[in-house]
Amino acid sequence: MANSTASATPDTLKNAVIRLAGYSQDGIQSVGAFLAQLAGSTASEVMTYMTIPATISGGASIFQVHLGSGEVLHPGDQADMLVAFYQDSYDNHLDSLRTGGICIYDSDQVEKVLDERGITHIGVPFTSATIEALGGSAKNRGKNIFVLGMLCAIYELDREKMSAIIAKKFGGKSEGVLRNAMIAFDTGYAWPIQSIQHMPMAPGESKGKKRISADGNTMLALGLIAGGCRYGAAYPITPWTSIMELLRSEFPKYGGSFIQCEDELAAVCMAIGMSYAGHLAVTGSSGPGLALKSEALGYASMAEIPLVVVNVQRGGPSTGLPTSVEQSDLMQAIYGSHGDAPRVVLAPRSVKDCFYTAVRACQIAKEYSTPVIILSDQAIATRIEAFTEPDLDKWWVDYELDQSEKGPEFKPYPLEKMTRHSPPGSPSTEGKYPVVTGLEHDEWGHPSGNPKNHAAMTAKRREKLIKLSHSLPAPSFHGDYEGDLLFVGWGSTYGPVKEATQALRDKGYKIGCMHIHNLHPLRAGLGDIFGRYRHVLVPEMNDSGVYGYGQLATLLRAKLCDPRIQSFNKTEGLGFRVVELVDEAEKILAV
Amino acid sequence: MSSPAPAEKLTKKQLKADKPTWCPGCGDFSVLASFFNIVQKLEIPHEKIVCVSGIGCSSRFPYFVNSHGIHFIHGRALPLATGISLSRPDLHVFVFGGDGDGYSIGGNHLTHAARKNVNLSYVVMDNQVYGLTKNQTSPTTPIGRKSKTDPRGAIDRPINPMAQLVASGATFIARTHTTQIKHMDEMFERAILHPGFAVVETLSECSMFYPGAFDAGNPRKGGRFELVDEQSRNMESTAEAMTLAEETETDFPGKFGVYLECKRPTKNDLERAWIDDERARVGDTSDRDLMRERFDAMR
Ligand SMILES: Cc1ncc(C[n+]2csc(CCOP(=O)(O)OP(=O)(O)O)c2C)c(N)n1
Ligand code: SF4
């Protein structure tokens with residue numbers, strides 16, 4: 001799809017992948033964000049991808065936008081257009097252009113080279129044109145908005161809406177800032193480019209629904225609020241931080257607060273305190289922080305405290321690749337604690353899904369009195385997508401504090417039932433108050449090391465999850481219900497896997513793809529589906545491991561004992577490209 | 001606080017829960033007795049009491065009190081209690097623990113609970129040894145004292161908890177001795193009534209592994225129990241509190257009583273003020289509509 005430019009009619013485009021390459025201080029991120037926001041406010045689809053330098057003061061960076069009038073599932077394998085701000089951006093990213101693509105470069109900065117791939121080169125003096133339009137003092141400022149104007153003209157995007165978005169963004173600043181932005185935009189829009197024709201983007205199909213655009217971390221944070229979280233605590237770490245920043249400023253409006261702690265240990269403990277006190281609380285982090293939280297997570301499992309824990313995965317182990325994507329915390333999420341400490345693990349597959357996953361995590365945590373981990377990842381966290389606004393009448397959980405009186409028969413940890421918490425402040429008619437504890441305890445909460453009791457309580461904590469596994473919705477499914485190969489994916493591999501499935505079906509193979517949201521417990525009955533295919537391939541962004549399997553593949557093999565399950569792993573800090581998945585599948589199918 | 005007074009004053013019997021598992025002669029018994037005294041005196045209702053603890057002999061405390069309680073993991077009682085206190089200002093939050101729990105594994109949290117001035121009362125039962133794990137060196141063990149982990153005698157300089165608390169920004173710091181119940185009662189009462197982070201360090205002998213550790217502060221064993229002279233002091237001066245704290249090192253056992261008592265906005269009040277502000281600003285808009293407005297801005 002990404003490369004469908006050639007097959008589109010000469011004057012309308014269904015898809016366009018634009019890569020902006022420059023330095024982060026030039027505001028290429030905001031050009032990308034403006035384009036994405038425009039897509040959201042029209043009926044188009046969009047998905048973005050960016051790299052952020054791990055250094056603070058600038059550095060090389062890209063922002064890639066995949067615009068489409070139909071479904072957009074991934075940020076694009078190859079770019080149709082490259083916008084290069086500097087010589088090194090040009091040198092390093094020319095290869096990302098497809099054959100026959102277009103490269104627009106800043107002719108004040110870039111010396112073009114001869115290229116044999118039929119690439120159309122267009123030199124435009126971004127720097128001097130902007131300086132001239134804004135007056136000598138403008139320095140490098142405004143180049144990005146100039147480029148935005150140019151792109152709007154080339155793709156014939158909605159100029160009025162774009163101006164309105166710019167006005168909204170800069171409106172709060174001084175008048176001069178907004179005026180300069182508008183001048184830069186108009187200058188770019190009017191810039192005469194002779195060597196290519198305009199390529200109008202076909203309008204998306206409007207379904208009459210309200211649409212919004214956002215990144216994954218924003219939707220996750222909003223989903224937590226919708227799910228009833230009003231309190232939480234955390235410590236900053238990339239790429240989790242923007243969630244805590246947002247909750248810190250949002251929670252007070254909803255009557256709660258989010259606390260920045262001295263470390264991740266304090267954060268998870270504080271959140272457990274809030275949850276114990278009767279509020280459903282959230283804590284979150286990225287890989288290294290989740291590692292620090294594991295002792296307390298075991299406590300929440302033992303003491304059956306509802307808790308939502310977000311882990312926005314990044315490349316690991318250790319400090320690893322702080323700004324790159326990986327899916328290597330699955331085992332840590334499921335097993336990372338001492339003892340048998342069952343908890344629930346869910347993974348969103350897209351930006352939109354971050355919202356729904358967060359609401360479901362809140363519901364499950366409360367209903368099952370258990371910690372629920374949301375495994376997001378750097379790719380979903382930072383990319384922008386446009387989608388239909390969530391229906392709050394359906395996805396809103398009212399927050400309430402239960403302080404009902406507890407009678408003499410009250411058992412906080414009944415063996416046969418879900419745990420019933422009695423938050424402090426709840427009176428007790430018998431005058432007996434429960435102590436919540438991490439020591440093994442009997443049904444009343446008294447410490448008990450009795451062998452039978454420990455076995456029964458351990459089984460109870462496990463059984464809760466098994467009960468949940470029977471009520472889980474089916475994983476999302478696309479393609480053929482039986483045949484040659486089944487892809488099994490999780491998290492942000494969703495888009496490329498779905499598109500690879502289609503590409504392989506177009507070639508005549510019978511392919512299905514299943515995406516697992518509920519990683520732990522797995523939904524009961526998955527194995528029946530696997531049996532209908534000759535091959536099962538699990539692509540994941542983690543290592544193939546000592547035994548030759550990735551983390552989800554290992555779990556599936558353990559659960560289903562199915563020798564057809566094969567792994568396909570990637571650890572480059574980058575998401576899967578569609579062609580990689582297609583090639584791997586074809587290799588297997590050829591055997 | 002805002003809770004209604006109970007119909008009847010709680011009796012000691014109503015306040016007792018499980019039988020304490022401490023060794024005979026353990027100083028921690030006195031802390032429990034004193035706590036009961038003050039809860040009765042201040043007429044705090046059952047359901048409004050939350051006892052929080054980490055891990056250690058002293059941290060068993062919540063089981064022995066018939067109130068809401070949470071026995072947590074080693075060293076992390078303070079952040080947990082902070083979560084309770086900030087989200088439930090209607091409760092009386094008490095934290096109990098040992099010197100290992102509070103000053104060693106939980107040392108970082110102590111500093112931050114103090115600087116945040118979280119509204120809670122924290123009682124450290126300092127026995128200068130690890131009791132539950134059976135006689136290892138603790139962060140307050142004096143140099144030269146032999147333990148299972150320092151068979152030739154402790155070599156690391158002990159921390160000075162009082163000095164550390166002053167430096168961290170605690171707003172109420174007191175020190176007492178478990179053989180002096182009346183004094184302990186007074187310290188607990190003032191700590192409970194103090195708005196903000198209140199710490200009472202109690203020298204609480206471990207009769208099993210470190211008997212005699214605090215004889216120097218017990219007149220019945222020939223020691224001296226000398227009080228801080230509050231009349232001639234500026235109770236809000238951290239410099240004066242620091243001088244007192246240093247005396248505990250150079251002239252053990254130093255003085256007993258309140259070292260520092262000052263007013264600073266609590267974390268609870270500051271967070272609450274922000275919430276109240278925001279709630280006033282959004283007016284009657286329901287939470288759900290607030291989110292809808294947020295979506296509108298993302299269009
Ligand atoms: C993470 C962790 N590390 C170590 C321990 C073992 N442990 C339990 S209590 C304790 C020390 C207790 O000493 P203190 O806090 O002084 O309490 P006391 O028993 O003397 O009252 C230790 C090291 C533990 N439970 N958890
Ligand atoms: S070991 Fe020491 S501190 Fe622990 S209960 Fe016995 S006397 Fe008390």
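For the structure itself, look to the data block above.
Presented here is a report on the structure given in the accompanying data block. (Residues numbered from 1 in each chain as written. Chains lettered and ligands numbered in written order. Predicted model: local features only at pLDDT ≥ 70, side-chain atom pairs only at ≥ 80, totals over all residues. Heavy atoms only, no water.)

**Topic: the overall build of chain B**
Each helix and strand in chain B was counted, giving 10 helices and 7 strands. Buried residues in chain B amount to 58% of all 299 residues. Put simply, of all contacts in chain B between residues at least 6 apart along the chain, 70% involve residues at least 24 apart. Summing over all exposed atoms, chain B offers an accessible surface of approximately 12200 Å²; the carbon and sulfur share of this is 52%. In chain B, the 36 positive side-chain charges and the 37 negative ones have mean positions that sit 5 Å from each other. (Helix = DSSP H or I, 4+ residues; strand = E, 2+ residues; numbered from the N terminus. Buried < 20%, exposed > 50% of the residue type's maximum accessible area, 1.4 Å probe, protein only. Contact = heavy atoms within 4.5 Å. Areas by Shrake-Rupley, 256 points an atom, 1.4 Å probe, with all protein chains shown as cover. Lys, Arg positive; Asp, Glu negative; His and termini not counted. Charge placed at Lys NZ, Arg CZ, Asp CG, Glu CD.)

**Re the sheet that holds strand β9 (residues 257-260) of chain A**
Residues and elements named next belong to chain A. Read across the sheet, 7 strands follow the order β9-β8-β10-β11-β13-β12-β19 without closing on themselves; strand pairing throughout is mixed. Only two strands of the sheet have a single neighbouring strand rather than two, namely β9 and β19 (518-520). Strand-to-strand, the axes of this sheet are offset by a mean angle of 20°, without reference to chain direction. Of the pairings in the sheet, the one linking strand β8 (residues 231-234) to strand β10 (residues 281-285) comprises 4 bridges and is parallel in character. By the bridge assignment, Ala234 is partnered in β10 with Gly284. Along the sheet face, helix α9 (residues 264-276) touches β8, β9, β10 and β11 (307-313) and points at about 165° away from the line of β10. (Pairing = 2+ DSSP bridges. Axes fitted to C-alpha atoms, helices over the stretch in contact; angles between N-to-C directions.)

**Brief notes about the site of ligand 2**
Contacts to ligand 2 come from Trp22, Cys23, Cys26, Cys57, Asn127, Cys206, Ser207, Met208 and Phe209 of chain B. Partitioning the shell around ligand 2 into residue classes produces 7 nonpolar, 2 polar and no charged. (Near = heavy atom within 4 Å. Nonpolar A, V, L, I, M, F, W, Y, C, P; charged D, E, K, R; others polar.)

**Quick word on the pairing of β9 of chain A**
Judged from the 4 bridges that link them, β8 of chain A and β9 of chain A form a sheet pairing that is parallel. What sits directly across from Gly232 of chain A, in β9 of chain A, is Phe258 of chain A.

**Some details on the interface of chain B and chain A**
The interface is formed by 50 residues belonging to chain B together with 71 residues belonging to chain A. Roughly 5100 Å² of surface becomes buried between chain B and chain A when both sides are summed, with 61% attributable to carbon and sulfur atoms. Between Arg288 of chain B and Asp398 of chain A there is a salt bridge, with the nearest N and O atoms lying 3.7 Å from each other. There are 31 residue pairs in polar contact (both at pLDDT 80 or more) connecting chain B and chain A. Partitioned by chemical class, the residues of the side of chain B that touches chain A number 19 nonpolar, 13 polar and 18 charged. Summarising the sheet, strand β15 (residues 435-437) of chain A and strand β2 (residues 68-71) of chain B pair through 3 bridges and their orientation is parallel. Bridged to Thr437 of chain A within β2 of chain B is His71 of chain B. (Buried area = accessible area lost by both parts, 1.4 Å probe. Salt bridge = Lys/Arg side-chain N within 4 Å of Asp/Glu carboxyl O. Polar contact = N/O pair within 3.5 Å; in protein donor to acceptor, adjacent residues only side chain to side chain.)

**Let's talk about the sheet that holds strand β18 (residues 511-515) of chain A**
Residues and elements named next belong to chain A. Reading across from one edge, β16-β18-β17-β20-β21 is the order of the 5 strands in this open sheet, with mixed pairing throughout. Each of the sheet's edge strands pairs with one partner strand only, and the pair in question is β16 (476-479) and β21 (565-569). Along the sheet, successive strands turn relative to each other by an average axial angle of 20°, direction set aside. Sheet topology places β16 next to β18; 4 bridges connect them, and they run antiparallel. By the bridge assignment for β18, His478 is matched with Cys513.

**Looking at the pattern of salt bridges**
Counted according to the given criterion, the structure contains 44 salt bridges over all chains. For Arg564 of chain A, the salt bridge identified is with Asp562 of chain A, shortest N-O distance 2.7 Å. Classification of Arg564 of chain A by relative accessible area gives partly exposed; the value is 27%. Look at Asp562 of chain A and you get buried, because its relative accessible area is 10%. Between Glu249 of chain B and Arg157 of chain B there is a salt bridge, with the nearest N and O atoms lying 2.9 Å from each other. Linking Glu249 of chain B in helix α8 (residues 238-250) with Arg157 of chain B in the loop between β4 (120-126) and α6 (161-168), this pair joins segments that are 92 residues apart in sequence. Taking relative accessible area as the criterion, Glu249 of chain B reaches 42% and is therefore assigned partly exposed. Here the salt bridges share partners, and the residues they tie into one network are Asp393 and Asp398 of chain A together with Arg288, Asp289 and Arg292 of chain B.

**Re the site of ligand 1**
Around ligand 1, a shell composed of 17 residues is seen, among which Cys57, Ser58, Gly100, Asp101 and Asn127 of chain B lie nearest. Among the chains of the assembly, those with residues near ligand 1 are chains A and B. Here an oxygen atom of ligand 1 and a backbone polar atom of Cys57 of chain B are 2.7 Å apart. Residue Val129 of chain B places a main-chain N or O atom 3.2 Å away from an oxygen atom belonging to ligand 1. In the complex, the protein chains occlude 76% of the 590 Å² of accessible area that ligand 1 would expose alone. The greatest single-element share of the shell around ligand 1, amounting to 4 residues, is contributed by helix α4 (residues 99-105) of chain B. Residue composition of the shell around ligand 1, grouped by class: 6 nonpolar, 8 polar and 3 charged.

**Side note on the packing of aromatic side chains**
According to the stated counting rule, one finds 25 aromatic pairs over all chains in the structure shown. Ring centres of Tyr299 of chain A and Phe72 of chain B lie 4.5 Å apart, and the angle between their planes is 80°; this geometry places the pair in the edge-to-face category. Residue Tyr299 of chain A is located in helix α10 (residues 287-302), and its partner Phe72 of chain B is located in the loop between β2 and α3 (77-87); the two belong to separate chains. Summarising the aromatic geometry, the rings of Phe61 of chain B and Phe96 of chain B are spaced 3.7 Å apart at their centres and angled 15° between planes, so their arrangement reads as stacked. On the criterion of sequence distance, the pair formed by Phe61 of chain B in the loop between β1 (49-53) and β2 and Phe96 of chain B in strand β3 (residues 92-98) is long-range, its members being 35 residues apart. Exposure remark for Phe61 of chain B: the relative accessible area of 0% places this residue in the buried category. Through successive ring pairs, a cluster of aromatic residues spans Trp22, Phe29, Phe35, Phe36, Phe61, Phe64, Phe94 and Phe96 of chain B. Positioned above the aromatic ring of Phe256 of chain B is the side chain of Arg175 of chain B, whose terminal nitrogen or guanidinium carbon lies 4.8 Å from the ring centre. (Phe/Tyr/Trp six-rings, centres within 6.5 Å; stacked < 30°, edge-to-face > 60°. Lys NZ or Arg CZ within 6 Å of the ring centre and 35° of its normal.)

**Considering empty space enclosed by the protein**
All names here are of chain B. Considering all chains together, one arrives at 7 cavities of 30 Å³ or more under this definition. By volume, the second largest cavity amounts to about 60 Å³. If you list the elements that add at least two residues to the lining of the second largest cavity, you get β3, β4 and α7 (181-193). For the lining of the second largest cavity, the class distribution of residues is 9 nonpolar, 1 polar and no charged. (1 Å grid on protein atoms, 1.4 Å probe; cavity = no way out; pocket = protein on both sides within 12 Å on 5 of 7 lines; lining within 4 Å. Points joined across faces, edges and corners; volume = space filled by probe spheres on them.)

Structural measurements only, silent on function.
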